[in-house]
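Architecture and fold: a report
Below, each chain spelled out in residue letters.
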Amino acid sequence: MDADDEAGEEAVMTLPDGYSDEAHALWNAATALNRQAGAVSLPPLLFFTDPERTPRPWETAARLPAGAGVVYRAFGRADAVETGRRLREATRQAEVRLLVGLDTALAEALQADGLHLPERAAAQAKAIRAARPGWLLTAAWHGGPIAADGLDALVLSPIFTGGGASAIRPALGVEGFRSRAEAAGRPVYALGGVTAGNSSQLAATTACGLAAVSAIQAAFQPPA
């Protein structure tokens, strides 16, 4: 790697001034994991949207560092296209990749960069990959058997006690994450209760990055 390459890598790794301490902690932890896992083609940090918990997700997306990703989960809401268009505009300007949850037609309409599948639909990835070879494909995973052919990465949860749907499942903990991620055969993100305060606990695992809802929204919220 020459000096220019090193300078470019450092620019991606470090947030500029004006971001919260929590944002720096999450981004630094995520990029360190990403490099350690040799998964630099994947976004190190994934912001998962939720209509209830992240009502204005485009504002957070606009503040994310270049190279991060957004997983847009519309959950069939009437304003799915309108919100999606705002997200697409924000992610393009921020050089952030946009994945759409499950809805292939919505992903195509928004010219998204890929798709995120629920665990029950993970087996669809092989056919989607054949139709859309350039898409980034991820799927939710809770640690059991899963058909992962065609997927670029899995998103394993909950690692810590989380909110939303993950709150009903027992936390896997760092060791539970480590053993499952090592056996997965592909890159694995850590999701569920991940915060700036506990993200460093995953440093000794093979996680390819971090994923979160509320913690990322809080860390990357626009300045008041």
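Read on for an overview of the structure. Model, not experiment: these values are computed from the prediction.

About the thresholds
Residues numbered from 1 in each chain as written. Predicted model: local features only at pLDDT ≥ 70, side-chain atom pairs only at ≥ 80, totals over all residues. Heavy atoms only, no water. Core = buried A, V, L, I, M, F, W, Y, C linked by side-chain atoms within 4.5 Å. Buried < 20%, exposed > 50% of the residue type's maximum accessible area, 1.4 Å probe, protein only. Helix = DSSP H or I, 4+ residues; strand = E, 2+ residues; numbered from the N terminus. Contact = heavy atoms within 4.5 Å. Phe/Tyr/Trp six-rings, centres within 6.5 Å; stacked < 30°, edge-to-face > 60°. Lys NZ or Arg CZ within 6 Å of the ring centre and 35° of its normal. Pairing = 2+ DSSP bridges. Axes fitted to C-alpha atoms, helices over the stretch in contact; angles between N-to-C directions. Salt bridge = Lys/Arg side-chain N within 4 Å of Asp/Glu carboxyl O.

Let's talk about the nonpolar core
- In this structure, Y72, L151, F177, L210 and F220 are the most contacted members of the largest nonpolar core, which totals 58 residues.
- Examining the composition of this core, we find that six residues originate from one element, helix α2 (residues 21–36), more than from any other.
- If sequence neighbours within four positions are ignored, L151 has contacts with L117, A122, A125, L137, T138, A139 and R186.
- Among the nonpolar cores identified, the runner-up in size contains 14 residues, and L46, A153, Y189 and A211 belong to it.

Concerning the packing of aromatic side chains
- If you walk through the whole model with that rule in mind, you get one aromatic pair.
- Seen from the ring of Y19, R63 lies directly overhead, with NZ or CZ sitting 4.3 Å from the centre.
- The side chain of R86 reaches across the aromatic face of W58, ending 4.5 Å from its centre.

Comments concerning the sheet that holds strand β4 (residues 114–117)
- Pairing in this closed barrel of eight strands is parallel, and the strands run β1-β2-β3-β4-β5-β6-β7-β8 around the ring. Between one strand and the next, the sheet's axes are offset by a mean angle of 25°, whatever the strand orientation.
- Taken together, the three bridges between strand β3 (residues 97–101) and β4 define a ladder with parallel strand orientation. If you follow V100 over to β4, its bridge partner there is L115.
- Across the face of the sheet, helix α7 (residues 173–183) comes into contact with β5 (136–141), β6 (153–156) and β7 (188–190) while running at roughly 165° to β7.

A short note on the pattern of salt bridges
- Counted by the stated rule, this structure contains six salt bridges.
- Between R88 and D113 there is a salt bridge, and its shortest N-O distance comes to 3.2 Å. Within this pair, whereas R88 is found in helix α4 (residues 80–94), its partner D113 is found in the loop between α5 (104–109) and β4, the two being separated by 25 residues in sequence.
- Exposure remark for R88: the relative accessible area of 6% places this residue in the buried category.
- Measuring nitrogen to oxygen at the nearest pair gives 2.6 Å for the salt bridge that ties D152 to R129.

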